[in-house]
Amino acid sequence: MSVDQSGVQGGAAPDQGGSTPGNGGRSFWCEHALLPDGPAAGVRVVLGEDGRISAVERAEARTGDEILHGVTLPGFANTHSHAFHRALRGRTHDAGGTFWTWRERMYHVAARLDPENYLALARAAYAEMALAGVTAVGEFHYVHHQVGGVPYEDPNEMGRALQQAAAEAGVALTLLDTAYLHGGLDETGHTALSPEQARFGDADIDAWAQRAGGLRAEGTFRVGAALHSVRAVPLAQLREAAALVPAVCDTGSTIAPLHVHVSEQPAENRAALARYGLTPVGLLAEAGLVGPDLTAVHATHLTEEDVRLLGAARSWVSLCPTTERDLADGIGPARALHDAGVRLSLGSDQHAVVDLVEEARAVEMHERLTTHERGRFTPQDLLALATGHESLGREGAGRIAPGARGDLVTIRLDSVRTAGADPAQVLLAASAADVTTVIRDGETIVSDGRHRLGDVGALLRDAIAPFWEDA
Ligand SMILES: [Zn+2]
């Protein structure tokens, strides 16, 4: 088969369609597609003017269809991101490469962020995500204020920089505006913010809600809520947050997303047990925060009761396996959570790797290592993990079906990684480098494996270099 880099095949296509500007009113013919009822060959997907899918049919290509060679999947949701951590990639493995090396470098970058350089860094990081098939990202955002903690003239200036960055990169953003009130937790209680953390903090939970409530949905931008962790928010303020979160959130849906880092490392469990006699999940439950709109991020070190609580509430867990292995956190109980009724999603978190295919595959591979069993998650299960849009309050995404958002990701089947693979098992073979086409809400963001902003490697290089000039 003669297929160029774009995955657009010459010859057989009746009409390659070209690139139609604007949203909707487009039709595609997918060589293969992963549909809700399984893989299919020869699928037409028609989009309406609203950028939603109006029809899906198994049929021959028609004149005017844009041809998508390879296998087309619903767009991926990256449910846990700290955009500025992208500047840390490949810079934390010397000097012992410990957790402390990582944290020192993280504070180095955090101290140098301003609205202008954060816009450039986040735009490049989100463009990298788009190249990996991500159509929506949840940004766990806590760098709110100037160094030292003084608010910007617009107290949401940093959040608005992220909003602009995502819009320019073509990725739908749910800004998970984060309450970060204390520096840490030990058996005696919560400690004050350190000087490095001062710009993350708001005076108290009401001040957080008031500031974050100033952000409202616009275009593909959505507002959700986050509490950094039980280390950063004491129980009394977790309780207050339960009443404040719905007013902070603005998703255009009935979902009011609340994301919290939970039990990433055993030390957090020990501190919470020593101070309160409860695990972090137990504390969230005590505060009335465990429900279907909760996403527990990481959830690596859980008790059986924690798993039961999250499952009974149909909560989400955002697994971030490439980060969890990079930071030596451990391997979370993914299958036990799934079996208990928890909905699982994936995040690239610190962006040591930006590849949702790799994140999905890692969940299954890490299960294999801990259980000595294969097939803990089916390829269809892994696709569900990679498309957890609802944990971001983004309804109607994550499936190729009439009425769903026109979010399509095409993965080529002729690369050295994917050649010969069964399209149904592509997530066990491909990498982000195999993504050729990304369409979000009917709008083409990536075609021929190229982002509409151009050379994303150069954007990343230019955005990251200034952070290390004085290192
Ligand atoms: Zn995180």
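Residues numbered from 1 in each chain as written. Predicted model: local features only at pLDDT ≥ 70, side-chain atom pairs only at ≥ 80, totals over all residues. Heavy atoms only, no water.

Student: So what about the UniProt feature "domain: Amidohydrolase-related" (unreviewed entry) in the protein? Which residues, and what values?
Tutor: The positions that UniProt labels "domain: Amidohydrolase-related" (unreviewed entry) are, in the present scheme, residues 73-444. Between the end C-alpha atoms of residues 73-444 there is a gap of 15 Å, over a span that is 34% helix and 18% strand. (UniProt positions renumbered as here; feature names shortened; annotations may be inferred. Helix = DSSP H or I, 4+ residues; strand = E, 2+ residues; numbered from the N terminus.)

Student: Describe the side chain of E358, and please don't skip the residues or the numbers.
Tutor: Summarising the element assignment, E358 is placed in helix 11 (residues 356-371). Judged by its relative accessible area of 18%, E358 falls in the buried class. Side-chain polar atoms of E358 contact the side chain of R325, separated by 2.8 Å. Apart from the residues lying within four places of it in its own chain, the contact partners of E358 are T322, R325 and V353. (Buried < 20%, exposed > 50% of the residue type's maximum accessible area, 1.4 Å probe, protein only. Polar contact = N/O pair within 3.5 Å; in protein donor to acceptor, adjacent residues only side chain to side chain. Contact = heavy atoms within 4.5 Å.)

Student: Describe the coordination of the zinc ion, and please don't skip the residues or the numbers.
Tutor: With distances of 2.1 to 2.2 Å, the protein atoms coordinating the zinc ion are H80 (NE2), H82 (NE2) and H261 (NE2). Donor residues for the zinc ion, ordered by position in the chain, follow H-x1-H-x178-H. With H82 in the loop between strand 5 (76-81) and helix 1 (99-110) and H261 in strand 11 (residues 258-262), this pair connects stretches of sequence that are 179 residues apart. Of the residues examined, H261 reaches a relative accessible area of 6% and is grouped as buried. (Donors = N, O, S within 2.8 Å, 3.2 Å for Na, K, Ca; no water.)

Student: Talk me through helix 12 (residues 379-386); I want residue IDs and the actual numbers.
Tutor: Three or more residues of helix 12 are buried, namely L382, L383, L385 and A386. Mapping the buried residues of helix 12 onto a view down its axis gives an arc of 155°, with all of them on the same face. (Arc of directions from axis to C-beta.)

Student: Before we move on, could you go through the sheet that holds strand 14 (residues 343-346) and cite the residues and values that matter?
Tutor: Read from one edge to the other, the open sheet built from eight strands follows the order 5-6-7-10-11-12-13-14, with strand pairing classed as parallel. In this open sheet, the two edge strands, each paired with only one partner strand, are strand 5 and strand 14. When strand polarity is set aside, the average angle formed by the axes of neighbouring strands in this sheet is 25°. Of the strand pairs in this sheet, strand 6 (residues 134-141) and strand 7 (residues 172-179) are connected by six bridges, and their pairing is parallel. Considered in strand 7, the bridge of A136 is made with A172. Contacting strand 6, strand 7 and strand 10 (221-227), helix 3 (residues 157-169) runs over the sheet at an angle of about 160° to strand 7. Contacts from helix 12 reach strand 5, strand 13 (316-319) and strand 14, with the element oriented near 70° to strand 14. (Pairing = 2+ DSSP bridges. Axes fitted to C-alpha atoms, helices over the stretch in contact; angles between N-to-C directions.)

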